[in-house]
Amino acid sequence: MSTPARRRLMRDFKRLQEDPPTGVSGAPTDNNIMIWNAVIFGPHDTPFEDGTFKLTIEFTEEYPNKPPTVRFVSKMFHPNVYADGGICLDILQNRWSPTYDVSAILTSIQSLLSDPNPNSPANSMAAQLYKENRREYEKRVKACVEQSFVD
Amino acid sequence: MSEDEIPVVSSTSQDDLIIQQHREIEKEISERIKLVGPKEGLETLENEYSNDDVYLKKTKILANNYDCLRRTRPDGNCFFRAFGFAYLEYLLENKEEYARFRELAKQSKDKLIELNFPKFTLEDFHDVFMDVVNVVGKGPVAADELYHMFNEQGHSDYVVVYLRLIASGHLREKEEFYQNFIEGDRTIVDFCSQEVEPMYKESDHIHIIALSTALDVGVRVRYMDRGDGSEVIAHDFPEGFANQAVHLLYRPGHYDILYPKLQAQLIMS
């Protein structure tokens, strides 16, 4: 059945294939357009470089009026990522706009990897190390990068 | 645990829990109240306030000028939805004004793209919005179809989104002027992305001013609250605009649609 959410997700998918942003990819799972798998490649010149981080995106019928739920499946060490992979990012919560599509969501998360916001921590250890001990922070992130090859 | 001790890693996101709870409340409301309700006589308001002297008195005053109302779902979108329905319903009977509005609506897409709204998604909303506008072009016979579309979440919400984008576009375009009305140190762009563009965010005067000015449509809002005085104060947007195509009833936190008595009825009463 075609609903506004499904119709829009087909459009999002088409656009992602025709005009793929650098360093991110995503596609609906085989049997359900409401659940997507995505990958974000760690941005260059950040400790996340070379990592391939997997995510799931779950949409409801209220998309695009409400944001999807986005989670990292790969283990992450990042000030704005919760232990369960949930992401603390304003555009996925109170700054969501229906004009964002999957492509915009993934590129926003990609830039969050480059520019964490340690003032709104989901992982306070990561936030503290990011502010006070950048070397240790990078060491922990690198461990996630290596882990992401195995997953 | 003292306030400044934060657990090292929270096991689940607090935001998710809050969102979950919001969804449950919204579901309850949506099962009870239609997105746009049927036309009711104003006496239903009197019944609602039969035990409330202040509101009862004001409802009776309101009845001097209005005879019907239409309730909208209190989901934070009520101003935009009420405005959208009331204005399009008005256009069913006003061919000339319809032609003007259709042209403006058609051109609004390029204007919003110029203001840096993402083209790809904007087109999606614009297409659906124009589908609804085109239905209105059929004239009075399309009244039921319009009512049906506004009660179907897909069309109805897309209209709300598009009107929000038009309001946001206007605020961004006249940034210098509207900046004076924003409290705190938020920029217009911040304000738009936090309070205007997201669905379910309630509307304030600035939203009404922006939308009515952008579309050049007069709105009269009747304010009914617990304040003293025996008036139901009318506020016109944009200020000083002579013709009101849309009449809304505001009760704290919510907008419904009002229908003025015809001139002939006014003279008789």
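Note that the coordinates shown come from a computational prediction; the quantities given were computed from them, not determined experimentally.

Describing the UniProt feature "domain: OTU" (unreviewed entry) in chain B
So, step 1. This chain's UniProt record puts "domain: OTU" (unreviewed entry) on residues 67-261 of chain B.
So, step 2. Taken end to end, residues 67-261 of chain B comprises 54% helix and 15% strand; its first and last C-alpha atoms sit 6 Å apart.

Concerning the packing of helix α4 (residues 78-92) of chain B against helix α7 (residues 143-150) of chain B
Residues and elements named next belong to chain B.
So, step 1. In the contact formed by α4 and α7, the axes pass within 10 Å of each other and the chain directions differ by 170°. The orientation of α4 relative to α7 falls into the category roughly antiparallel. When you trace α4 past α7, the crossing you get is right-handed. Where α4 abuts α7, its residues R81, G84, F85, L88, E89 and L92 lie against A143, L146, Y147 and F150.
So, step 2. The residue inventory of the contact of α4 with α7, partitioned by class, reads seven nonpolar, one polar and two charged.

Describing the pairing of strand β6 (residues 254-260) of chain B
Residues and elements named next belong to chain B.
So, step 1. With six of seven residues buried, β6 lies mostly within the body of the structure.
So, step 2. Here strand β2 (residues 66-72) runs beside β6; their pairing, made up of four bridges, is antiparallel. If you follow L69 over to β6, its bridge partner there is L258.
So, step 3. The sheet contact formed by strand β5 (residues 246-251) and β6 spans four bridges and is antiparallel. Looking across to β6, one finds that Y250 is bridged to Y255.
So, step 4. If you look at the hairpin formed by β5 and β6, you'll find two residues sitting between the two strands, and G253 has a positive phi there, around 90°.

Side note on the interface of chain A and chain B
So, step 1. The interface of chain A with chain B comprises 30 residues on the first partner and 35 residues on the second.
So, step 2. Summing both partners gives a buried area of about 2,700 Å² for chain A against chain B, and 51% of it is carried by carbon and sulfur.
So, step 3. In this assembly, chain A and chain B are joined by three salt bridges.
So, step 4. Linking D124 of chain B and R7 of chain A is a salt bridge whose minimum nitrogen-to-oxygen distance equals 3.4 Å.

So, how was this worked out
Residues numbered from 1 in each chain as written. Chains lettered and ligands numbered in written order. Predicted model: local features only at pLDDT ≥ 70, side-chain atom pairs only at ≥ 80, totals over all residues. Heavy atoms only, no water. UniProt positions renumbered as here; feature names shortened; annotations may be inferred. Helix = DSSP H or I, 4+ residues; strand = E, 2+ residues; numbered from the N terminus. Axes fitted to C-alpha atoms, helices over the stretch in contact; angles between N-to-C directions. Parallel < 35°, antiparallel > 145°, perpendicular 65-115°, else oblique. Left-handed = near helix turned anticlockwise from the far one by under 90°. Contact = heavy atoms within 4.5 Å. Nonpolar A, V, L, I, M, F, W, Y, C, P; charged D, E, K, R; others polar. Buried < 20%, exposed > 50% of the residue type's maximum accessible area, 1.4 Å probe, protein only. Pairing = 2+ DSSP bridges. Buried area = accessible area lost by both parts, 1.4 Å probe. Salt bridge = Lys/Arg side-chain N within 4 Å of Asp/Glu carboxyl O.

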